[in-house]
Amino acid sequence: MIRYPRRTVLRAGAALVGASALGFPAIVRAQSEKIRIGHLTPLTGFLGVIGGYAQLGVKLAVEEVNQSGGVLGKQIDLISEDSINPATAATKAQRMLEQDGAALLLGEISSASSLTIMQVAERNKKVFFSTGARSDALRGKNCNRYSFHCDIPNTVMVNAVGTALSQKGMVKGKKFFTLTADYIFGHDLLKAAKVFFGTHDANLIGDELIATDVTDFSPYLLKVRQAKPDVVCCNLAGNQVTNLVKQYAEFGFPYPLVGFNLNTGDAWAAGAGNLSGTWPTVWYHTLDNPTSKAFVAAFTKKYGKPPENHAWIDYITLKLLAEAINTTKSTDSHELIAYFEKQSQFDIGKARKAYFRNWDHQLVQEAYPFTVKPKDQMKDQWDMLVLGDAVPAPGDPLETIYPTRQQNPCEMKA
Amino acid sequence: MQFEFLLEQVVNGLVLGGYYLLIALGLSLIFSVGGIVNLAHGAFYALGAYVCVELTKQFGFGAAVVISPFAVASLGILFERFILRRFYSADPILSLLVTFGLAMVAEQAIRMIWGAAPVSTEIPQRLRGSIIVGDFLFSRYRLLILAVVAAILLGVWLLLQKTSFGRVVRAGIQRPDMVAALGIRLQPYMTAIVMLGVGMAALGGAFFAPITTVHPAMGAEIMTIAFVVVVIGGLGSFWGVVIAALLVGVVRGIAIHFEPAAGEASIYILMFLVLLVRPRGLLGERIEKFE
């Protein structure tokens, strides 16, 4: 064995570190053979769990696209990171576009973070597909040309559950008490809920705004009891929903608990013995159509568990983007915007096809209310939900559950 | 009527404070005896919850909540023997770094074993619901937690005050060199104290597993509140931590009653006010190592 003098080794090491910091031009050229796409989603905090699913979904989509030859004959190079919070999300989005050479961005669940990424996208004139954010304001007064919105907005979730509740006689003349997440998403959801209560003769007798780091709800539950409502309504997000559902079951109140927001990941985490009531969902892994089934099979095979709705939406969005790039033969953002604004119809794994509305960039699609299966009828821990009929009803146009042009204050600058 | 609801919040806050106490007291004990701020304490809390969920599947919740703290406490022995022991007389910054690193390793390990998605478990049917006495409502399950916490508190106090074990520990806190000069090895005592602290954190995790989200980052979540409690109570003070835990629970309940938006901020404001008046916390003693 040859012994190197320590100094030489050190110098070599330093040179190596220096060289990699500067970057060899050859390496840079090699990487530009790939098409880089930036993906952001919260992996920490109260949305971290569902963010984890989103990341698994987008990775699976990239793998499938690359195996079938990539886009424009090139492989996709996905950079997927934890967006953490609105400020970090914006910083990372900016870095992905300006330094890493990402052609476009997708992802996000938090409406607050999505909003900051939208601003970065607009500044850089690159498209951003907001996959999991639900605040109406993002596709309303904060909309911009470079941002597209794939998940259903709050208004649709309220309409999906509200319609189901109305049919059970749980709305008209009833007293509602809401528990609302104290950030843009929650405020927005409450606003949509108030509109619904107003048009359906329901009374909102109490509302509590709850900070996103609250994990113990007992003081709020005491206030719910004090108000003696007919229905308690959960407008929370992420694992706060899980915490509330568990603690609600603990206290054993007689008032039914329903909610205008839920992700299947949070439902699974709550457990079958705790969850009850009627909730909305954008997608569920038991939907019976070829696209959904193929995705569920591939996901389950790869990760050993069924996909959650955020895994589906990030998967489907990346697939849509790959298709768009191949069709337009370009990764140019303006080409992509023009392509999606033609309102082409896409199969997104639901009975009816979906399309992006050209004036607010909202993906118009079906939604579903669901209730919870009795525990003894569940096949496994994921077999929890009973999907109701898709809304809108089969005869009605999809847009009937979405805010109209009069209701949605979106004005895009040219 | 208003007064009764307020009183209800106060009682509920006391129960919640009792729960915080389980985690904060262990943290404080380990600090008192070893001079180590154990940032990995939350990891043992999370482990307690996960082990409890696992055991519940096998033996039911009742047995799981008893066994899991002991199982995790036995891990505490290894933690003390192979890690903490090296840092008793070292610069405190080293133990801070090591336990911080360990907390991250533990969180990642949990993620690898159980996955990033939360695991779920629930309270047995007979412990659910609330008991209503007059106009007051208590969660049946939380009353059980309160009873267990009270018993543990009494037990730990008796152990420290009335037994020879406690006398050695207390002497060790004050004058470790003198205890050593008397020919008593402090190390087994330290192992026992770490086991006790870690076991209490794990019990807290096990108790909260059915009523909160059991996810890998839950340890980091609880550490914030545990630190607030320990800082308000005063590092190293038994009764300081007890009072602080109850105070934090009550103040939060009252704040949410009157001004919900200030609910979470209230405990930090409380900490700020206490530190303003008493920089060492309510009953904190002057500690040479840190001053």
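Here the structure is a predicted model, which means the values were calculated and not measured.

The rules we used
Residues numbered from 1 in each chain as written. Chains lettered and ligands numbered in written order. Predicted model: local features only at pLDDT ≥ 70, side-chain atom pairs only at ≥ 80, totals over all residues. Heavy atoms only, no water. Helix = DSSP H or I, 4+ residues; strand = E, 2+ residues; numbered from the N terminus. Rg over C-alpha atoms; globule rule 2.2 N^0.38 Å. Buried < 20%, exposed > 50% of the residue type's maximum accessible area, 1.4 Å probe, protein only. Contact = heavy atoms within 4.5 Å. Lys, Arg positive; Asp, Glu negative; His and termini not counted. Charge placed at Lys NZ, Arg CZ, Asp CG, Glu CD. Phe/Tyr/Trp six-rings, centres within 6.5 Å; stacked < 30°, edge-to-face > 60°. Lys NZ or Arg CZ within 6 Å of the ring centre and 35° of its normal. Disulfide = S-S within 2.5 Å. Expected span 1.5 Å × (residues − 1). Buried area = accessible area lost by both parts, 1.4 Å probe. Salt bridge = Lys/Arg side-chain N within 4 Å of Asp/Glu carboxyl O. Polar contact = N/O pair within 3.5 Å; in protein donor to acceptor, adjacent residues only side chain to side chain. Nonpolar A, V, L, I, M, F, W, Y, C, P; charged D, E, K, R; others polar. Pairing = 2+ DSSP bridges. Axes fitted to C-alpha atoms, helices over the stretch in contact; angles between N-to-C directions. 1 Å grid on protein atoms, 1.4 Å probe; cavity = no way out; pocket = protein on both sides within 12 Å on 5 of 7 lines; lining within 4 Å. Points joined across faces, edges and corners; volume = space filled by probe spheres on them.

A.B. asks: Would you take a moment to explain the overall build of chain B for this structure?
C.D. replies: The helix and strand inventory of chain B stands at 11 helices and 2 strands. Starting at the N terminus, the α and β elements of chain B follow one another as α-α-α-α-β-β-α-α-α-α-α-α-α. For chain B, whose C-alpha radius of gyration is 19 Å, the value lies close to the compact-globule estimate of 19 Å for 291 residues. C-alpha atoms of chain B, sized along the principal axes, occupy 60 × 50 × 35 Å. The proportion of buried residues among the 291 residues of chain B is 51%. In chain B, the share of contacts with a sequence separation of at least 24, taken over all contacts with a separation of at least 6, comes to 74%. Considering chain B, the positive charge centre built from 19 side chains and the negative charge centre built from 15 side chains are found 10 Å apart.

A.B. asks: I tried to follow the packing of aromatic side chains on my own but got confused; where do I start?
C.D. replies: To describe a pair of aromatic rings, one takes the distance between the centres and the angle between the planes. Residues and elements named next belong to chain A. Per the counting criterion, the structure on display carries 34 aromatic pairs over all chains. Both rings, one in F176 and one in F197, keep their centres 4.4 Å apart while their planes meet at 35°; by these two values the pair is tilted. Placement of F176 in strand β6 (residues 175-181) and of F197 in helix α8 (residues 184-199) is noted, with a sequence separation of 21 residues between them. No difference in accessibility class separates F176 from F197, as the two residues are buried. A ring pair is formed by F299 and Y303, whose centres lie 4.7 Å apart and whose planes are at 55°; its orientation type is tilted. Taken as a pair, F299 and Y303 lie in helix α12 (residues 290-303) at a separation of 4 residues, close to a single helical turn. These aromatic residues form a ring-pair network of at least three members: F129, F148, Y339, F340, F346 and F356. The aromatic ring of Y53 is capped on one face by K305, whose charged end is 4.7 Å from the ring centroid.

A.B. asks: Please clarify how the state of the cysteines should be interpreted in this entry.
C.D. replies: Linking two cysteines covalently via their sulfur atoms produces the bond known as a disulfide. All names here are of chain A. In total, this model carries 1 disulfide over all chains according to the counting rule given. One disulfide in the model links C143 with C410; its S-S distance is 2.1 Å. One disulfide, between C143 and C410, carries an S-S torsion of 90° and so falls in the right-handed class. Of this pair, C143 sits in the loop between α6 (136-139) and β5 (147-149) while C410 sits in the segment after β14 (385-387), placing them 267 residues apart in sequence. Both residues of the pair, C143 and C410, belong to the buried class. Free of any disulfide, C234 has its nearest cysteine sulfur in C233, 7.2 Å distant.

A.B. asks: Is there a simple way to explain helix α3 (residues 48-67) of chain A in this structure?
C.D. replies: One turn of an α-helix holds 3.6 residues; hence residues three or four places apart share an orientation. Residue and element names in this part refer to chain A. Given a rise of 1.5 Å per residue, 20 residues ought to cover 28 Å, and the 29 Å separating the end C-alpha atoms of α3 matches this to within 8%. Buried residues dominate α3, accounting for 16 of its 20 residues. Note on α3: the residue one or two positions beyond its end, G69, has a positive phi of about 105°.

A.B. asks: For this particular structure, what's the right way to read unusual backbone geometry?
C.D. replies: Working note: non-glycine residues mostly have negative phi, and peptide bonds are mostly trans. All names here are of chain A. Here V391 and P392 are connected by a cis peptide whose omega angle stands at -5°. Relative to the assigned elements, P392 resides in the segment after β14. Despite not being glycine, K228 shows a phi value in the positive range, around 45°. Note on placement: K228 falls in the loop between α9 (218-227) and β8 (231-235). Among the residues examined, K228 registers a relative accessible area of 49% and is labelled partly exposed.

A.B. asks: How should I be thinking about the interface of chain B and chain A in this particular structure?
C.D. replies: Interfaces are often sized by the amount of accessible area the parts lose when they come together. Facing 38 residues of chain B, the contacting portion of chain A comprises 35 residues. Carbon and sulfur atoms supply 49% of the area that chain B and chain A bury against each other, a total of about 3000 Å² over both sides. Inspection of the chain B/chain A interface yields 5 salt bridges. For the pair chain B and chain A, the interface holds 22 residue pairs in polar contact (both at pLDDT 80 or more). Secondary structure elements with two or more residues in the side of chain B that touches chain A: α1 (2-34), β1 (130-133), β2 (136-139), α5 (140-162) and α10 (238-258) of chain B. With 6 residues, the single largest contributor to the side of chain B that touches chain A is α1 of chain B. Among the residues forming the side of chain B that touches chain A, the class breakdown is 17 nonpolar, 13 polar and 8 charged.

A.B. asks: Explain the sheet that holds strand β7 (residues 203-210) of chain A here, please?
C.D. replies: The strands making up a sheet associate through hydrogen bonds between their backbones, and the pairing can be parallel or antiparallel. All names here are of chain A. Here 4 strands make up an open sheet; going across it, the order is β7-β6-β8-β9 and the pairing parallel. Of all strands in the sheet, those with a lone pairing partner are β7 and β9 (257-259), marking the two edges. Strand-to-strand twist across the sheet, computed as the mean angle between neighbouring axes with direction ignored, equals 25°. Summarising the sheet, β6 and β8 pair through 5 bridges and their orientation is parallel. Paired with F176 across the strands is V231, a residue of β8.

A.B. asks: Would you take a moment to explain the environment of A102 of chain A for this structure?
C.D. replies: Residues and elements named next belong to chain A. As for its placement among the helices and strands, A102 is situated in the loop between α4 (86-98) and β3 (104-107). Judged by its relative accessible area of 2%, A102 falls in the buried class. Sequence-wise, A102 and T180 are 78 residues apart; in three dimensions their C-alpha atoms are separated by 36 Å. Filtering out sequence-adjacent residues up to four positions away, A102 remains in contact with R36, I37, G38, M96, L97 and K126.

A.B. asks: What is the right way to look at empty space enclosed by the protein in this model?
C.D. replies: Under the counting rule described, the total for this entry stands at 2 cavities of 30 Å³ or more. Here the largest cavity defines a volume of roughly 90 Å³. Taken together, 14 residues make up the lining of the largest cavity; nearest its centre are I109, G132, F185, N261 and N263 of chain A. A per-class count over the lining of the largest cavity returns 6 nonpolar, 6 polar and 2 charged. Of the volumes computed, that of the second largest cavity is approximately 80 Å³. For the second largest cavity, the full set of lining residues is F251 of chain A together with E8, V11, N12, V15, L137, F138, S139, R142 and L143 of chain B. Contributing elements (two or more residues each) for the lining of the second largest cavity: α1, β2 and α5 of chain B. A per-element tally of the lining of the second largest cavity places α1 of chain B first, with 4 residues.

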